[in-house]
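One letter stands for each residue in the lines below.
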Number of protein chains: 2
Amino acid sequence: MDEDMKDYTSETDQDTSTLHGEEFQTVAFLAKSLSDENRLRILLCISQGKKAVGSIVEELRLSQPLVSHHLKELKRSLLVTTTRSGPFIYYELSDFRILEAIKALNTVARDLLATRTTF
Amino acid sequence: MDEDMKDYTSETDQDTSTLHGEEFQTVAFLAKSLSDENRLRILLCISQGKKAVGSIVEELRLSQPLVSHHLKELKRSLLVTTTRSGPFIYYELSDFRILEAIKALNTVARDLLATRTTF
DNA sequence: TAATCGTATCAGTGATTATTTATATGCTAA
DNA sequence: TTAGCATATAAATAATCACTGATACGATTA
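Residues numbered from 1 in each chain as written. Chains lettered and ligands numbered in written order. Predicted model: local features only at pLDDT ≥ 70, side-chain atom pairs only at ≥ 80, totals over all residues. Heavy atoms only, no water.

(A) Quick look at the side chain of Ser33 of chain A. Residues and elements named next belong to chain A. Mapped onto the elements of the fold, Ser33 is located in helix H1 (residues 23-33). Overall, Ser33 belongs to the buried group, its relative accessible area being 2%. When neighbours within four sequence positions are excluded, Ser33 is seen to be in contact with Arg39, Glu73, Leu74, Ser77 and Leu79. (Helix = DSSP H or I, 4+ residues; strand = E, 2+ residues; numbered from the N terminus. Buried < 20%, exposed > 50% of the residue type's maximum accessible area, 1.4 Å probe, protein only. Contact = heavy atoms within 4.5 Å.)

(B) Spotlight on the protein's contact with DNA strand C. With respect to spatial proximity, 23 residues lie near DNA strand C, and among them Gly54, Gln64, Ser68 and Tyr91 of chain A together with His70 of chain B are the closest. Of all atoms in DNA strand C that approach within 4 Å of the protein, 72% are sugar or phosphate atoms. Here a phosphate oxygen of DNA strand C sits 3.2 Å away from a polar atom, N or O, in the main chain of Val53 of chain A. A distance of 2.7 Å is found between a phosphate oxygen of DNA strand C and a side-chain nitrogen or oxygen belonging to His70 of chain B. Sorting the residues of the surface near DNA strand C by element identifies helix H3 (53-60), helix H4 (64-76) and strand S3 (88-93) of chain A together with helix H2 (37-46) and helix H4 (64-76) of chain B as the ones contributing at least two each. Classifying every residue of the surface near DNA strand C by side-chain character gives 10 nonpolar, 8 polar and 5 charged. (Near = heavy atom within 4 Å. Polar contact = N/O pair within 3.5 Å; in protein donor to acceptor, adjacent residues only side chain to side chain. Nonpolar A, V, L, I, M, F, W, Y, C, P; charged D, E, K, R; others polar.)

(C) Examining the sheet that holds strand S3 (residues 88-93) of chain B more closely. Residue and element names in this part refer to chain B. Spatially, 3 strands are ordered S1-S3-S2 in an open sheet, and the strand pairing comes out antiparallel. Since the sheet does not close on itself, it has two edges, and those belong to strand S1 (51-52) and strand S2 (80-85), each with one partner. The pairing of S1 with S3 spans 2 bridges and is classified as antiparallel. From the neighbouring strand, Ala52 faces S3, where its bridge partner is Tyr90. (Pairing = 2+ DSSP bridges.)

So, in structure tokens, the structure goes:
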């Protein structure tokens with residue numbers, strides 16, 4: 001059961017210099033989670049601390065079903081975790097290094113746009 | 001063959017700690033380019049050096065129109081540049097730091113899968 | 001119990017996209 | 001000019017996805 005993703009044994013050192021096999025799939029899956037502007041806003045929003053859905057809705061001025069939809073997607077990619085407290089459901093980042101990855105993308109993006117010759 | 005890597009001294013102070021405004025859009029756009037398994041394979045493929053379309057087709061065993069389609073998408077996101085030499089069109093990475101971003105995503109993805117509580 | 005608040009889910013729609021097959025375009029040599 | 005190779009593009013399909021509006025679910029309180 002649970003054949004979505006595979007587990008790794010972390011006994012030996014992993015090769016971080018290149019991707020192989022199913023890693024292309026997992027990286028693509030993770031990148032897809034970051035490929036939506038609203039999801040990025042949500043991630044940055046809850047990076048300040050765990051927040052309930054209503055707070056995110058209010059802060060980002062998005063509809064509640066839309067925020068719930070994106071949070072579900074972020075949870076599916078394991079980027080966020082939830083904790084219930086009464087009627088509130090708090091969402092928080094599961095790994096803050098995703099912020100470093102986002103910043104790396106931002107740096108590259110800014111440079112690509114800056115050094116662009118045409119336009 | 002010269003690698004045109006650049007030094008990055010900030011001429012204007014850039015805020016790398018957070019995203020604001022249009023940066024969400026550009027990061028999402030860049031992430032979308034990385035959100036496809038075949039495009040990641042293509043990027044890693046040409047990271048070994050500039051390659052013609054036929055070489056990529058052969059190496060990745062994808063159809064030629066599919067490779068051309070993805071290369072067009074990668075060019076649209078400024079991740080690759082082209083050089084024509086006779087009938088051949090060579091594609092190469094425009095910024096090798098995208099590999100670092102991909103590796104960062106891979107590390108996070110591997111950790112998310114590893115530390116996941118399997119119910 | 002009922003009522004209310006917070007959140008999730010359902011159904012539908014329009015837009016985007018990955019892929020295939022077929023065709024067109026561009027370059028070079030004979 | 002022709003033929004032939006390398007690459008791009010067009011057309012069609014199927015799948016995915018972001019978003020909206022409506023509704024359902026769950027927890028708390030009266």
